[in-house]
Amino acid sequence: MVSQRTRETEDSETEEETVEDEEEISKHEARAQEELSCPECDGTLHEQGGEKICEDCSLVVEEDMIDPGPEWRAFDSKERNQKSRVGSPTTVTMHDKGLTTSIDWRDKDAYGKSIAPEKRRRMRRMRKWQERIRTKDSSERNLQFALSEIDRMASALGVPRDVREVASVLYRRALEKDLIRGRSIEGVASACLYAACRTKNIPRSLEEIETVARVERKEIGRTYRYISQELGLKMEPVEPEQYVPRYCTELNLSEAVQIKAKEIIEMTTEAGLLSGKSPTGFAAAAIYAASLLCNEKRTQREVAEVANVTEVTIRNRYQEQIKVLGILD
DNA sequence: ATGGTTTTTACTGCGTC
DNA sequence: GACGCGGTAAAAACCAT
């Protein structure tokens with residue numbers, strides 16, 4: 001009831017020196033994107049949340065893209081030179097951040113010559129210990145399993161890599177703070193992924209997470225709330241707009257409907273209808289209404305299906321929305 | 001634990017194709 | 001008659017206290 005949305009400026013830590021370089025980077029990105037244009041209207045494509053979206057008509061051109069960019073961030077050109085690149089980048093999605101030393105099993109030296117017998121014994125011992133250290137204790141194995149689970153689920157949902165990284169970091173922090181105790185690894189991993197999606201503005205609803213997770217929604221939600229509180233994650237409520245492009249493409253609706261739906265959401269949100277309501281249902285109702293207005297009607301059932309809400313919810317939101325809109329138009 | 005709010009479940013009636 | 005749609009009541013889920 002009091003969940004009126006708080007528009008906070010998040011991440012307002014803009015340091016002066018970084019600015020020009022950030023610009024340079026974004027210019028570079030823009031150039032890369034200009035080569036591609038929308039098949040429908042030749043508009044510029046814009047990458048957002050693992051989806052390629054046309055800026056003009058909001059058509060989702062490509063989903064589940066692979067993020068080819070570097071996983072590190074460069075804050076100035078010096079740093080960028082340093083970081084780009086020798087060897088594989090470190091990644092938090094591996095339990096040892098991919099930094100393991102691996103010792104060859106062959107008893108040969110760097111020139112391929114056999115190693116003297118007395119050294120061989122030493123090598124063998126080192127190898128053994130290396131393996132022991134790699135998966136040191138239960139928490140390491142725990143992490144290993146959890147991170148592979150996060151990766152599996154993220155792949156199944158088709159979320160980009162940076163989200164997985166965030167999820168991995170969250171899991172590590174949860175583990176450090178000993179928040180896993182008494183909870184299933186699966187549950188915490190799912191919750192971390194859900195949280196990561198939200199922080200990265202790539203909305204995947206709990207329902208969607210549930211389809212790939214091995215735990216039920218209730219537990220994911222409960223665990224999510226717990227860890228987000230314990231880790232001090234400041235989450236803003238999900239904006240209904242974020243669901244619009246995905247739902248619309250799933251329903252084969254045109255860009256006009258998307259724009260209309262977003263309009264409806266904006267106007268009705270102004271009027272305070274969103275407060276306390278589920279963003280998915282809200283978006284679904286707006287899409288339904290927009291589909292009617294644009295003569296591309298979809299049934300309530302169809303919309304309800306893709307949005308994972310019931311028709312009743314759509315009806316209720318829809319009624320409220322058109323009531324407000326009726327006064328306005 | 002409790003109470004208030006929202007969503008879901010289940011069911012009914014009405015109009016249309 | 002099947003289907004879409006609107007409405008309702010009761011159960012379930014959710015959330016803050």
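In case you missed it, the structure is sitting above this.
Below: a short report on this structure.

1. A look at the protein's contact with DNA strand B
The environment of DNA strand B is made up of Gly276, Lys277, Ser278, Val309, Thr310, Val312, Thr313 and Arg317. Within 4 Å of the protein, atoms of DNA strand B come from sugar and phosphate in 80% of cases. At a separation of 3.0 Å, a phosphate oxygen of DNA strand B approaches a polar side-chain atom of Thr310. Between DNA strand B and Thr313, the relevant distance is 2.3 Å, taken from a phosphate oxygen to a side-chain nitrogen or oxygen of the residue. Residue composition of the surface near DNA strand B, by class: two nonpolar, four polar and two charged.

2. A few points about the protein's contact with DNA strand C
Every residue lining DNA strand C is accounted for by Arg217, Lys218, Arg225, Tyr288, Lys297, Thr299, Gln300, Arg315, Tyr318 and Gln319. Each atom of DNA strand C within 4 Å of the protein was assigned to sugar, phosphate or base; sugar and phosphate come to 83%. One of the side-chain nitrogen or oxygen atoms of Gln319 is found 3.0 Å away from a phosphate oxygen of DNA strand C. Elements with a minimum of two residues in the surface near DNA strand C: α8 (217-230) and α13 (311-328). In terms of residue class, the surface near DNA strand C is made up of two nonpolar, three polar and five charged.

3. Thoughts on the pattern of salt bridges
Following the criterion strictly, the structure yields eleven salt bridges and no others. For Glu320, the salt bridge identified is with Arg317, shortest N-O distance 3.2 Å. On the criterion of helical spacing, the pair formed by Glu320 and Arg317 is a turn pair, its members being three residues apart in helix α13. Connected via shared salt-bridge partners are Glu149, Arg152, Glu186 and Arg214.

4. Focus: the nonpolar core
By size, the foremost hydrophobic cluster in this structure holds 35 residues, and its most contacted members are Ile150, Val159, Val163, Leu170, Tyr171 and Leu193. Secondary structure elements with two or more residues in this core: α4 (138-157), α5 (161-176), α6 (185-199), α7 (206-212) and α8. Among residues more than four places away in sequence, those in contact with Ile150 are Arg164, Ala167, Ser168, Tyr171, Ala189 and Leu193.

5. Description of α6
The terminal C-alpha atoms of α6 lie 21 Å apart, and with 15 residues this matches the ideal 21 Å at 1.5 Å per residue to within 8%. Of all 15 residues making up α6, 13 are buried, and the element is well covered by its neighbours. Asn201 sits one or two residues past α6 and shows a positive phi near 55 degrees.

6. Looking at the packing of helix α11 (residues 279-293) against helix α12 (residues 300-307)
The N-to-C vectors of α11 and α12 enclose an angle of 145 degrees; their axes lie 10 Å apart at closest approach. Classified by chirality, the crossing of α12 by α11 is right-handed. Residue-level inspection shows Thr280, Ala284 and Tyr288 of α11 in contact with α12, the latter providing Gln300, Val303 and Ala307. When its residues are assigned to classes, the contact of α11 with α12 shows four nonpolar, two polar and no charged.

7. Observations regarding the packing of aromatic side chains
Applying the stated rule across the entire model yields three aromatic pairs. With centroids separated by 5.5 Å and ring planes inclined at 10 degrees, the aromatic side chains of Tyr243 and Tyr247 adopt a geometry described as stacked. Residue classification places Tyr243 among the buried residues on the basis of a relative accessible area of 4%. Measuring from centroid to centroid gives 4.9 Å for Tyr288 and Tyr318, while their planes differ by 75 degrees, and the two rings are edge-to-face. Within this pair, whereas Tyr288 is found in helix α11, its partner Tyr318 is found in helix α13, the two being separated by 30 residues in sequence. Each member of the pair, Tyr288 together with Tyr318, is buried. Between the NZ or CZ atom of Arg183 and the centre of the ring of Tyr226, over which it lies, the distance is 3.8 Å.

Definitions and cut-offs
- Residues numbered from 1 in each chain as written.
- Chains lettered and ligands numbered in written order.
- Predicted model: local features only at pLDDT ≥ 70, side-chain atom pairs only at ≥ 80, totals over all residues.
- Heavy atoms only, no water.
- Near = heavy atom within 4 Å.
- Polar contact = N/O pair within 3.5 Å; in protein donor to acceptor, adjacent residues only side chain to side chain.
- Nonpolar A, V, L, I, M, F, W, Y, C, P; charged D, E, K, R; others polar.
- Helix = DSSP H or I, 4+ residues; strand = E, 2+ residues; numbered from the N terminus.
- Salt bridge = Lys/Arg side-chain N within 4 Å of Asp/Glu carboxyl O.
- Core = buried A, V, L, I, M, F, W, Y, C linked by side-chain atoms within 4.5 Å.
- Buried < 20%, exposed > 50% of the residue type's maximum accessible area, 1.4 Å probe, protein only.
- Contact = heavy atoms within 4.5 Å.
- Expected span 1.5 Å × (residues − 1).
- Axes fitted to C-alpha atoms, helices over the stretch in contact; angles between N-to-C directions.
- Left-handed = near helix turned anticlockwise from the far one by under 90°.
- Phe/Tyr/Trp six-rings, centres within 6.5 Å; stacked < 30°, edge-to-face > 60°.
- Lys NZ or Arg CZ within 6 Å of the ring centre and 35° of its normal.

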